[in-house]
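Letter by letter, the chains look like this.
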Amino acid sequence: MSQNISGTPVLLIDDEAEIRKAWSETLALEVYRPQAFADGAKALEILSPAWPGVVVTDLRMPGLDGFGILKAVRAIDPQLPVIIITGHGDIPMAVRAVRAGAYDFVEKPTDPEMLLSVVGRAAQMRALVLENRRLAEGTGRAYHIEKELIGNSPAMGRLRDRIRAIAPADVNTVVYGETGTGKELVARALHECGPRRRGPFVALNCGALPDTLIASELFGHEAGAFTGADRRRIGRLEQASGGTLFLDEIESMPLSHQTQLLRALQAQTIERLGGKEEIRIDVRVVAAAKVDLEEASTRGAFRADLFYRIAVAEVSIPPLRRRSEDIPLIFMQYAARAAERHGLPLAEPGPSLFETLMRMPWRGNVRELVNFTERFALGIDPAPERPFEDAETSQTLPERIDAFERGVLAAALRETGGRIQMTARHLGIPRKKLYLRMQRHGLDRQDYADDEGVDSDPNEN
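S.K.: What is the right way to read the overall build of the protein from this model?
M.R.: If you tally the helices and strands in the protein, you get 20 helices and 14 strands. Among the 461 residues that make up the protein, the fraction classed as buried is 50%. Intrachain contacts of the protein at a sequence separation of at least 6 include 71% that bridge at least 24 residues.

Have a look at this one:
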C-alpha cells in the first residue's frame with residue numbers, strides 16, 4: 001500500500017526569496033509542510049536520522065552550495081532524500097550529485113508538476129525507509145523499492161503502487177514482462193514489501209532446466225531416488241517454505257510437472273522423489289511469464305487450473321521503450337555502480353548521449369541498457385557505434401504488432417474517456433481481456449478520463 005505522505009515536511013533551500021515563496025506555495029497546496037531557508041547551514045540544524053521529510057535545494061548558491069548540503073545531509077542520514085534543482089548548463093554537475101547520493105534532480109525553470117511528482121516519490125521512499133527501520137528493529141534490513149525499481153515515469157509510478165497494493169495481500173501472483181524488464185526484481189519487491197519479508201526468497205528458472213531435472217529441483221529427492229542421486233537434496237518448494245518461491249519462465253514448464261506443482265500448491269504438502277514422508281510447506285508463489293498464460297491455457301499450452309491457482313493477482317512491467325524518459329536516471333545509477341565496482345572514474349555523459357539512448361528500441365530492455373552502462377564505465381564503448389534507425393522501421397514483426405495493438409487500445413480509451421465497458425464493447429472483446437491487454441501495455445484508464453470522469457459509466461462497478 002502507498003504510504004500516507006500528507007503533512008510530510010519539505011526543507012526548501014534557495015538564496016532567492018521569490019523562488020522560496022513560489023516553491024512553498026506549490027508544495028503547501030499539495031498537503032506538504034514546506035520549511036524554507038536562505039541559509040543552508042541553518043536549515044541543516046533541524047535534520048536528524050528520524051526526520052520524516054525531503055530536502056529540496058538549489059545547486060548554485062553562495063556559501064554552502066547544493067553539494068555541501070548533500071554531503072551534510074548524508075552525514076546525518078544517508079537515506080534522507082535530497083532533490084537538487086539545477087540550471088540546464090549544470091546537468092553534468094547534477095549527474096555528479098546523483099552519483100554522490102542525491103535522490104534526483106529537477107531542471108530549471110522548474111515545472112511545478114515535475115517538482116511535485118519527484119517530491120511525492122521521495123516522500124513515499126522516506127516513509128518506507130522509516131517504516132522498514134521500525135520493522136527491522138535495528139537489524140539494518142530495509143528494502144527500498146524506489147532504489148531498486150528505478151524510474152520517474154508515470155508507468156513506473158503505477159508499477160510501484162501496484163506492488164505496494166498487492167504485496168501485503170500475500171497471494172500468488174503472475175508477473176508479465178518482456179525479457180530484460182526486471183521480472184525477478186519485481187518478484188523480490190513483492191516479497192520484501194509483504195509479510196514474508198523475513199522468510200527466504202528462492203528463485204528457479206523453469207526455462208533453464210531440462211525436463212528430467214525440474215521435479216527434482218521443485219520437490220527434492222532422497223538418496224538413491226534415481227541414478228546419480230547419491231545424497232538427499234532439498235527442493236525449492238521446501239527451501240522457500242515460510243517465504244516466496246519465484247518461478248521464472250513458468251510457461252516453459254511441461255504440463256506433467258504443472259500437474260505436480262498444482263497438487264503441491266493446493267495441498268501445501270510435498271514428497272521428495274524416492275521418499276514417503278509428507279512434508280508440510282507454506283509458500284507464496286510469484287511466477288513470471290513472457291506470454292499471456294490465460295490465453296495459453298485456452299490453447300491447451302498451460303493448465304487452466306494452475307493458472308487460476310497462481311494468478312490471484314497480476315503485475316505487468318512496461319518495456320523500456322515505453323518509458324524512455326527513465327533512461328537517463330537508470331543509466332546514471334548503473335554506470336556509477338559499475339565505475340565504483342571497477343574502481344574507475346566515470347566519464348561525464350553528455351546530453352547528446354542521453355538523446356541517442358532515448359531513441360533506441362532497447363529490445364533487451366533494462367538488461368541491455370545495464371550492459372551498455374557497464375561498457376561505458378569501462379571505456380569499452382564510450383558511444384553507441386551502431387546506427388540508430390527509426391524505432392518503427394527497426395522493430396521486428398511481433399514488436400510492430402505489439403505497438404499497433406497498444407495504439408488501438410489507447411485510441412479506444414481516449415475516445416470513450418477511459419470507460420472500460422464502453423471500450424470493451426467498442427473493440428468487441430470481453431472486459432477481462434481488455435484489462436489484461438491494458439496491463440500488458442502499461443495503460444491506465446485514469447490517464448484517458450474525460451471531464452465527466454470514468455466513474456460516470458454505470459456499468460463500471
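After that view of the structure, there is still more to cover.
S.K.: Would you explain the nonpolar core in this entry?
M.R.: Note on soluble globular proteins: their nonpolar side chains tend to be buried together. In this structure, L47, V55, V73, F331, M332, L357 and W362 are the most contacted members of the largest nonpolar core, which totals 45 residues. Elements with a minimum of two residues in this core: β1 (9-13), α2 (40-44), α3 (66-76), β4 (82-86), α4 (91-99), α14 (327-342), α15 (351-358) and α16 (365-378). For this core, the element with the most residues is α14, which contributes nine residues. Residue contacts for W362: discarding those within four places in its chain leaves L320, I327, L357, E368, L369 and F372. A215, A289, F302 and I310 belong to the second largest nonpolar core, which has 33 residues in total.

S.K.: It is not clear to me how the sheet that holds strand β14 (residues 313-316) should be interpreted in this structure. Could you clarify?
M.R.: Strands sit in the order β7-β10-β13-β6-β14 across an open sheet of five strands; the sheet is parallel. At either margin of the open sheet sits one strand with a lone partner, and together these are β7 (201-205) and β14. The average undirected angle you get between the axes of adjacent strands in this sheet is 20 degrees. Taken together, the four bridges between strand β10 (residues 244-248) and strand β13 (residues 284-289) define a ladder with parallel strand orientation. Bridge pairing links T244 to R284 in β13.

S.K.: Honestly, a nonpolar patch on the surface in this entry has me stumped. Any pointers?
M.R.: On the surface, L344, L378 and I380 cluster together to form a nonpolar patch covering roughly 260 Å² of accessible area. Structurally, the position occupied by L344 is in the loop between α14 and α15. Judged by its relative accessible area of 37%, L344 is partly exposed.

S.K.: Before we go on, may I ask you to explain helix α11 (residues 255-267) in this structure?
M.R.: Structural remark: α-helix, 3.6 residues per turn; residues separated by three or four positions point the same way. For α11, which comprises 13 residues, the first-to-last C-alpha distance of 19 Å matches the rise-based estimate of 18 Å (1.5 Å per residue) to within 8%. Looking at α11, one finds that the buried residues are H257, Q258, L261, L262, A264 and L265. Around the axis of α11, the buried residues are gathered within 165 degrees of arc, so they sit on the same side. Contact partners of the buried residues in α11: α9 (211-219), α10 (236-239), β10, β11 (269-270), β13 and α13 (304-310). Directly beyond the C-terminal end of α11, a positive phi value near 55 degrees is found at Q268.

S.K.: Looking at this structure, I do not really get the packing of aromatic side chains. What am I missing?
M.R.: For any two aromatic rings, the description comes down to two numbers: the centre-to-centre distance and the angle of the planes. In total, this model carries six aromatic pairs according to the counting rule given. When the ring of F331 is compared with that of F354, the centres are 5.6 Å apart and the planes differ by 80 degrees; the resulting orientation is edge-to-face. Taken as a pair, F331 in helix α14 and F354 in helix α15 lie far apart in primary sequence, 23 residues in all. Take F331 and F354: they sit in the same class, and that class is buried.

S.K.: Sorry, what's going on with the pairing of β13 here?
M.R.: For a regular strand, side-chain orientation follows a simple rule: the groups alternate between the two sheet faces. Burial of β13 is extensive: six of the six residues sit out of reach of the surface. Neither face of β13 is exposed, since R284, V286 and A288 on one face and V285, A287 and A289 on the opposite face are all buried. Direction of pairing for strand β6 (residues 173-176) relative to β13: parallel, over a ladder of four bridges. From the neighbouring strand, V174 faces β13, where its bridge partner is A287.

S.K.: Would you take a moment to explain the sheet that holds β1 for this structure?
M.R.: Strand pairing in a sheet relies on backbone hydrogen bonds, with the paired strands running either antiparallel or parallel. The sheet built from five strands is open, its strands ordered β2-β1-β3-β4-β5 with parallel pairing. The open sheet is flanked by β2 (33-37) and β5 (104-107), the only strands paired with a single partner. Between one strand and the next, the sheet's axes are offset by a mean angle of 20 degrees, whatever the strand orientation. Pairing analysis gives four bridges linking strand β3 (residues 54-58) to β4, with the strands arranged parallel. Counterpart to V55 in the pairing with β4 is V82.

S.K.: Would you explain α14 in this entry?
M.R.: Across its 16 residues, α14 extends 22 Å between first and last C-alpha, which sits within 8% of the 22 Å expected from 1.5 Å per residue. Across the 16 residues of α14, 12 count as buried, placing the element largely inside the fold. Phi turns positive one or two residues past the end of α14, at G343, with a value near 65 degrees.

S.K.: It is not clear to me how the packing of helix α7 (residues 154-166) against helix α8 (residues 183-192) should be interpreted in this structure. Could you clarify?
M.R.: To describe two helices that pack against each other, one gives the angle between their axes and the distance between the axes. Where α7 contacts α8, the axes come no closer than 8 Å and their chain directions differ by 40 degrees. As summarised for this structure, α7 and α8 are arranged oblique, according to the angle between their axes. Crossing geometry of α7 relative to α8 is assigned as right-handed. In this structure, α7 contributes L159, I163 and I166 to the contact, and α8 contributes V186, A189 and L190. Considering only residue class, the contact of α7 with α8 consists of six nonpolar, no polar and no charged.

About the criteria used
- Residues numbered from 1 in each chain as written.
- Predicted model: local features only at pLDDT ≥ 70, side-chain atom pairs only at ≥ 80, totals over all residues.
- Heavy atoms only, no water.
- Helix = DSSP H or I, 4+ residues; strand = E, 2+ residues; numbered from the N terminus.
- Buried < 20%, exposed > 50% of the residue type's maximum accessible area, 1.4 Å probe, protein only.
- Contact = heavy atoms within 4.5 Å.
- Core = buried A, V, L, I, M, F, W, Y, C linked by side-chain atoms within 4.5 Å.
- Pairing = 2+ DSSP bridges.
- Axes fitted to C-alpha atoms, helices over the stretch in contact; angles between N-to-C directions.
- Patch = residues over 30% accessible without salt bridge, like charges linked within 9 Å, V, L, I, M, F, W, Y side chains within 5 Å.
- Areas by Shrake-Rupley, 256 points an atom, 1.4 Å probe, with all protein chains shown as cover.
- Salt bridge = Lys/Arg side-chain N within 4 Å of Asp/Glu carboxyl O.
- Expected span 1.5 Å × (residues − 1).
- Arc of directions from axis to C-beta.
- Phe/Tyr/Trp six-rings, centres within 6.5 Å; stacked < 30°, edge-to-face > 60°.
- Parallel < 35°, antiparallel > 145°, perpendicular 65-115°, else oblique.
- Left-handed = near helix turned anticlockwise from the far one by under 90°.
- Nonpolar A, V, L, I, M, F, W, Y, C, P; charged D, E, K, R; others polar.

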